[in-house]
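# Survey of secondary and tertiary structure
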Amino acid sequence: MTEDELFDLLTAIEERVPLEEKPAWFEREANDLEPGEHGRASLLIAAGEHWQMRKEYDEARRCFRLAMRDGGESGSDPIANLLSLALDEGDAGSVTEFDKTLRGLARDDEVSPTTCHLVAEAYEIHDQLRQALRWYNIPFTHGYPDGEPGDAMLLRGRRRVRTALGLAPDQLDVMADQLRQNEQ
């Protein structure tokens, strides 16, 4: 499956399939692919995210772990989804474990901006703003944003958290404000 085909499939399911049927639909599509085949892990993660939204945490965890075992490429690391799920469940020990694993991957430059955004938002939703800020900052540790859409999402989230923490604006916050003005 090509990247374009995957995008079209994910979009079609999101737009056309009734909400209650989406997780099973994503899983069926994933099961039509061979383990490791491009798109399979992404489809499993999408299924897991829908199970998680429905608070069917065991089903979500199963899908995220299948995506992890699949080993195929996906937009975010399934460990980030497991961290988000652990936050939802109030499992502090697992949150710490997953965070430590992901920080190790970040030190080795092996996490995507999408993964950082997912983790940061999960912490932000659970009012763990210092942790959220850490994850919003990670993609900018070695350089400034380069105009990618993911950078804009990270900058906006980072600005939101810094404002909530009462921190004075810095250069990245100014960039986030400029992005917001340009969108209006």
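The structure displayed is predicted, hence computed values, not measured ones.

## As for the packing of helix H5 (residues 78–89) against helix H7 (residues 113–125)
At a minimum axis separation of 9 Å, H5 and H7 run at an interaxial angle of 5°. Between H5 and H7, the crossing angle belongs to the class labelled roughly parallel. Where H5 approaches H7, its residues Ala80, Asn81, Leu83, Ser84 and Leu87 are matched on the opposing element by Thr115, Leu118, Val119, Ala122 and Tyr123. In the contact of H5 with H7, the residues fall into seven nonpolar, three polar and no charged.

## Observations regarding helix H3 (residues 40–53)
Residues that lie three or four places apart on an α-helix share one face, since the helix turns once every 3.6 residues. Counted at 1.5 Å a residue, the expected span for H3 with its 14 residues is 20 Å, and the 20 Å between its end C-alpha atoms agrees. With 12 of 14 residues buried, H3 lies mostly within the body of the structure. Listed in full, the buried residues belonging to H3 are Arg40, Ala41, Ser42, Leu43, Leu44, Ile45, Ala46, Ala47, Gly48, His50, Trp51 and Gln52. Lysine 55 lies just past H3 and shows a positive phi near 65°.

## A short note on unusual backbone geometry
Most of the time, phi is negative for any residue but glycine, and the peptide bond is trans. Look at lysine 55: it is not a glycine, yet its phi comes out positive at around 65°. Locating lysine 55 in the fold gives a position in the loop between H3 and helix H4 (57–70).

## Overview of the pattern of salt bridges
Scanning the model with the defined rule gives 17 salt bridges in all. Residue arginine 61 is joined to aspartate 58 by a salt bridge in which the shortest nitrogen-to-oxygen separation is 3.2 Å. Note that arginine 61 and aspartate 58 are positioned in helix H4 at a spacing of three residues, about one turn of the helix. Put simply, arginine 160 and glutamate 124 hold a salt bridge, and the shortest N to O gap is 2.7 Å. Remark: glutamate 124 occurs in helix H7 and arginine 160 occurs in helix H9 (residues 149–164); sequence separation between them is 36 residues. Look at arginine 160 and you get partly exposed, because its relative accessible area is 40%.

What counts as what
Residues numbered from 1 in each chain as written. Predicted model: local features only at pLDDT ≥ 70, side-chain atom pairs only at ≥ 80, totals over all residues. Heavy atoms only, no water. Axes fitted to C-alpha atoms, helices over the stretch in contact; angles between N-to-C directions. Helix = DSSP H or I, 4+ residues; strand = E, 2+ residues; numbered from the N terminus. Parallel < 35°, antiparallel > 145°, perpendicular 65-115°, else oblique. Contact = heavy atoms within 4.5 Å. Nonpolar A, V, L, I, M, F, W, Y, C, P; charged D, E, K, R; others polar. Expected span 1.5 Å × (residues − 1). Buried < 20%, exposed > 50% of the residue type's maximum accessible area, 1.4 Å probe, protein only. Salt bridge = Lys/Arg side-chain N within 4 Å of Asp/Glu carboxyl O.

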